[in-house]
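# Structural features, examined
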Amino acid sequence: MDEALIFERSRPGRAATSQFPESAQSNDIPAELLRTSPPLLPQTSELDTVRHFTRLSQKNFSIDTHFYPLGSCTMKYNPRACNSLAMLPGFVGRHPLAPATRSQGFLACMYELQEMLQEVTGMAAVSLTPMAGAQGELAGVAMIRAYHVNRGDLVRTEVLVPDAAHGTNPATATMCGCTVKELPTDAQGDVDLAALRNAVGPQTAGIMLTNPSTLGVFERRIDEIAAIVHEAGGLLYYDGANLNAILGKVRPGDMGFDVIHMNLHKTFSTPHGGGGPGSGAVGVAPRLEPFLPLPVVARDDGHYRWVDADERPLSIGRLSAFMGNAGVLLRAYVYMRLLGAAGMERVAEYATLNANYLMVELRKAGFDLAFPDRRASHEFIVTLKRQAKATGANAMDFAKALLDEGYHAPTTYFPLLVPECLLIEPTETESKETIDGFVQAMQRILAQAHEDASHLKGAPYSTPVRRLDDVRAARQLDVCYAPANTPEAPEAAEL
Amino acid sequence: MPYIPHTEDDQQQMLKAIGVDSIEALFDEIPAALRCDGFSNIPAALTEMQVSRLMNERAAQDQAGLSFLGAGAYEHHIPAAVWEITTRGEFYSAYTPYQAEASQGTLQVIYEYQTMISSLLGLDVSNASLYDGATALAEAVLMAVRANRRSRSRRILMPRAVHPYYRDVVHAITHTQGIHLTEVPFDPATGRTELTALEAIEDDDFAALVIPQPNFFGVLEDADGLTDWARKRDILVIGAVNPTAMALLKPPGEWGAEGGHIACGEGQPLGVPLSSGGPYFGFLACQQALVRQMPGRIAGRTLDLEGKQGFTLTLQAREQHIRRSKATSNICTNQGLMVTAATIYMSLLGPTGLTNVASQCHGNLRRLLDRLEGAAGIAPAFRGLPFHEAVLKLDRPVSEVLAELDAQGIVAGVGLGEWYPELDRCLLVCTTETKTDDDLARFADALGAAVKGGH
Amino acid sequence: MSIPAELRYTSDHEWVREDDDGNVVIGITDHAQTALGDLVFVELPEIDTELAPGDACAVVESVKAASDVYAPLAGKVVEINSALEDSPERVNDDPYGDGWLYRLRPEDPKQLEDLLTADDYERLLVDSEEE
């Protein structure tokens, strides 16, 4: 079912008139400051608009409609209560600069959220302001750098990053004016300690690590890594992408990390929203507390208030116009209250149970594991290198065929160092039947690959569009509608 | 067990399949010495009913009152349909549209959004959004430094009339890369950034000039004059604009003889509630020639293998997941949900609706200023023409006035002394289309009485 | 996979051709363009840029990958293939001809002899295939 662009539904003179003041007023703005032609916004009725966007929504896969085993993304159920309670009028109507007298309810939630996040990560203090994981990383590396500079140590500008890391890690280090040194991974998926020992030195600002790593395994010698980096004078940064795997089992603070960011949209189940908003709260060990991004919330005699630059002169400053993605933080707060202490421990337990079960079942079904001798954390990697060679069907073909089976594809081709990989994370909120169904779908696709791989090359067949021409998209860039640039669709006439 | 579906039977079967006795055994690779034993300071679980009660009580503490606060976040009417549709599970709980065939809804929304924003700003291309207005300005600055090949300078002309928090954010994000912000003073009489202030700056090699429209004081800048001045010196022009105002005002792409290069700003006024400052979204658009320097996601239209139209993320090789340490930015998020809301909002308002909203905002401010004319101890601080915010100079300390009005259920605005010592007794007020004549009268009377009462 | 005998190569999959005027032309090999897939963008150095061996001086970009191109020897950029701005596919269609990237005036033409021969390069490809 095609859905035309909203602009193609537009008819001059049509409008949703109950949504705005009846007429424009004469104004005293001189003509040279005014625009001469109206912006290209659609002229549609309210029903047209509602129908258009409702239909568009129906073209999406989502957690609410499909199993979404997307590795490294923690696509767990987003409880509806988190949304409806964060959207209560008192919260959505609160202006960011509202006086403290009109903010105690919101600030109480934020203060308690800070306290809870400190506890679950084992850190000394938390700032909620970073607006996504990547911004939390930026805050973290900026704090590490500010810490060294404040000690008069100006040469520590090199950041160590394992080769399996998310692309945001090296990109962040560069944004903070640091250089990046990649560390190799050993055959078992752990950081190569010999390479680490060779890499550290007086230039080392710190290391950025994800644990469990993006390879889906727990870095077993984390205490040794911490000792090596600390002895060299560097600090340890924890990328919280995989915090879901260890909640209540081991805390980054206890592993020796000095600073961490959390992805509240993963571990604490705030929605991904088709690509955002996220939330990347940061936690720090005591020595980094003075550098936290602002503002943070304090409590004095039962009264909540903002702590800003005058009290924290060493802060790395402000990372958002106001205080980050407040509404996302409220959702995370509600989620944590719904789970409670015991519920949060069960997150890691059942996420790990589901991942290990799915891993074992896929191996039984004939798939190769990237690290067959390791325990899965909350995710694991299947490599289709053998199947790709034998049948010609690669990881992308499997991913697209899964869409036809009614499953969102796992993460493909990441981490970069495992060929033809699928990174699979079922999360704790999926049932055994769902996982079993996924295994059966993978078996059917595997059989198809051996039978007729060319069929898989054409997948998906059942989605609103078939496989898209990415090369055309990049070479003939069309990122903005204009009636003249609508592409010719040769066979479209009879559709 | 909240949100965990496993029955005892499921669990046993799964453990048996794995070949372990207990879930605990699955954590055997974590060194025992590092293990933590649960959480001692986290409260026990509440049911949804209990949490609802708690949150309703908390929300009820935070009454907005009759508010004239602006300063970067604006109270506008949001059609009911906007958030009813945006929070449909298919939008709300979807991931980033990397699997294009399973994400055509999100991708088409982004494409429509990019079209609307480009047109609103008078520029060729828009990205799929950034975190918020302040970070969008920081990214625009980084982009300009990368893009300006004529100037090797890492210096930016940053007017003091840009939102002080935005300047803080730009500094925090860019200073580690050696980027220096040179302040441009505002004219104390007009509240504008005047050409004379630019001429007075001794250095002449700058990568970009930021032009706020309207500026933080609500005053309209001479965007044409400033753009021409910068263009003549090979300085790139970054417009930092209010999107509602753009329905009325000349957009950055049309400023001066040749137009500005980049425009950015806070998208919140387009259908996103105030919600304590976020989540909002930052918009960013530019001329076609600069598209490869643009950070963040971009959706493009293409064809599928049957020749049918579809949408996909494009130019991804600029981004961190491919380019890693050489990416244009570390950003991977776009504020997808907020963009969905904004696209629905702009569709429901249409060109007429957004123009009427903008003109009502401006008209309300005009009416408020008219009511205050002649009020003892209250005067506009600047002569420059305002859009929907104005700075009022009071004959009484602002904090006292704010407290007195607060007690009457009116949030009068925000004092400027903290940011601008020379504007110590100045109050920044804002009127949007949400204010009625009665609201304006009530505010003007209360403000007049409070200022007079101080004497 | 075509590996013309008259060219020199680098282990980063660039080729180098010496012209009569002493300048050298640089591009990426057939193997490199095949591995990258359909190119969608080529970023070239600015004319007059002074390059040291190993400097990252250009970027070739496909839909899913971006790869740096390194200077095989020291010298100054004297010409770039501007046609690639609009038609990056030339690198795919004709990597050793129309798909050349840039022309360099070498500081020391003898450095050319340190580069791989066609045989060396072919061996390198075979070895990496076996890995």
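The structure we're discussing is the one just above.
Residues numbered from 1 in each chain as written. Chains lettered and ligands numbered in written order. Predicted model: local features only at pLDDT ≥ 70, side-chain atom pairs only at ≥ 80, totals over all residues. Heavy atoms only, no water.

It is worth spelling out empty space enclosed by the protein at this point. Residue and element names in this part refer to chain B. One pass over the full model with this rule turns up eleven cavities of 30 Å³ or more. Its boundaries defined by the atoms lining it, the largest cavity holds a volume of some 280 Å³. As for the largest cavity, its lining consists of 21 residues, of which Tyr 74, Tyr 166, Pro 214, Ala 240 and Val 241 are closest to the centre. Of all the secondary-structure elements, those providing two or more residues to the lining of the largest cavity are β5 (208–213), β6 (236–241) and β7 (262–266). Of the residues contributing to the lining of the largest cavity, the split by class is twelve nonpolar, seven polar and two charged. Among the domains, domain 1 (66–75 + 351–453) and domain 2 (80–345) are the pair contributing at least three residues each to the lining of the largest cavity. (1 Å grid on protein atoms, 1.4 Å probe; cavity = no way out; pocket = protein on both sides within 12 Å on 5 of 7 lines; lining within 4 Å. Points joined across faces, edges and corners; volume = space filled by probe spheres on them. Helix = DSSP H or I, 4+ residues; strand = E, 2+ residues; numbered from the N terminus. Nonpolar A, V, L, I, M, F, W, Y, C, P; charged D, E, K, R; others polar. Domains from an automatic or database assignment.)

Here we take up a negative patch on the surface. A surface patch of negative charge is lined by C:Glu18, C:Asp20, C:Asp21, C:Asp48, C:Glu50, C:Glu107, C:Asp108, C:Glu113 and C:Asp114. One can find C:Asp21 in the loop between β2 (14–18) and β3 (24–28). (Patch = residues over 30% accessible without salt bridge, like charges linked within 9 Å, V, L, I, M, F, W, Y side chains within 5 Å. Areas by Shrake-Rupley, 256 points an atom, 1.4 Å probe, with all protein chains shown as cover. Salt bridge = Lys/Arg side-chain N within 4 Å of Asp/Glu carboxyl O. Lys, Arg positive; Asp, Glu negative; His and termini not counted. Charge placed at Lys NZ, Arg CZ, Asp CG, Glu CD.)

A packed helix pair is summarised by two numbers, namely the angle formed by the two axes and the spacing between the axes. It is the contact of helix α4 (residues 104–121) of chain A with helix α2 (residues 48–61) of chain B, at a shortest axis distance of 6 Å, that shows an interaxial angle of 130°. On the basis of their axis angle, the class for α4(A) and α2(B) is oblique. On α2(B), the residues touching A:Gln104, A:Gly105, A:Ala108, A:Cys109 and A:Glu112 of α4(A) are B:Met55, B:Arg58 and B:Gln61. (Axes fitted to C-alpha atoms, helices over the stretch in contact; angles between N-to-C directions. Parallel < 35°, antiparallel > 145°, perpendicular 65-115°, else oblique. Contact = heavy atoms within 4.5 Å.)

Right, let's get into the sheet that holds strand β6 (residues 259–262) of chain A. All names here are of chain A. Pairing is mixed across the open sheet formed by seven strands, whose spatial order is β1-β7-β6-β5-β4-β2-β3. One side of each edge strand has no neighbouring strand; the edge strands of this open sheet are β1 (125–127) and β3 (179–183). The average undirected angle you get between the axes of adjacent strands in this sheet is 25°. Of the pairings in the sheet, the one linking β1 to strand β7 (residues 282–284) comprises three bridges and is antiparallel in character. From the neighbouring strand, Ala 125 faces β7, where its bridge partner is Val 284. Along the sheet, helix α5 (residues 133–150) makes contact with β2 (158–162), β4 (204–210), β5 (235–240), β6 and β7, crossing β5 at roughly 175°. (Pairing = 2+ DSSP bridges.)

Scanning all chains against the criterion turns up 26 aromatic pairs over all chains. Seen from their ring centres, A:Tyr407 and A:Phe438 are 5.5 Å apart, and the 85° between their planes marks the pair as edge-to-face. Placement of A:Tyr407 in the loop between α12 (395–404) and β12 (411–412) and of A:Phe438 in helix α13 (residues 432–457) is noted, with a sequence separation of 31 residues between them. Of the residues examined, A:Tyr407 reaches a relative accessible area of 13% and is grouped as buried. Between C:Tyr9 and C:Tyr121 the ring centres are 4.8 Å apart and the planes differ by 5°, which places this aromatic pair in the stacked class. Residue C:Tyr9 is found in strand β1 (residues 8–9), and its partner C:Tyr121 is found in helix α3 (residues 118–130); the two are separated by 112 residues along the sequence. A relative accessible area of 0% places C:Tyr9 in the buried class. Put simply, the rings of A:Phe322, B:Tyr165, B:Phe186, B:Phe216, B:Phe217, B:Tyr280, B:Phe382, B:Trp419 and B:Tyr420 pair up and form one aromatic cluster. One Lys or Arg, C:Arg103, reaches over the ring of C:Trp100 and ends 5.2 Å from the middle of that ring. (Phe/Tyr/Trp six-rings, centres within 6.5 Å; stacked < 30°, edge-to-face > 60°. Buried < 20%, exposed > 50% of the residue type's maximum accessible area, 1.4 Å probe, protein only. Lys NZ or Arg CZ within 6 Å of the ring centre and 35° of its normal.)

So, to be careful, I would describe these as geometric facts and stop short of saying anything about function.
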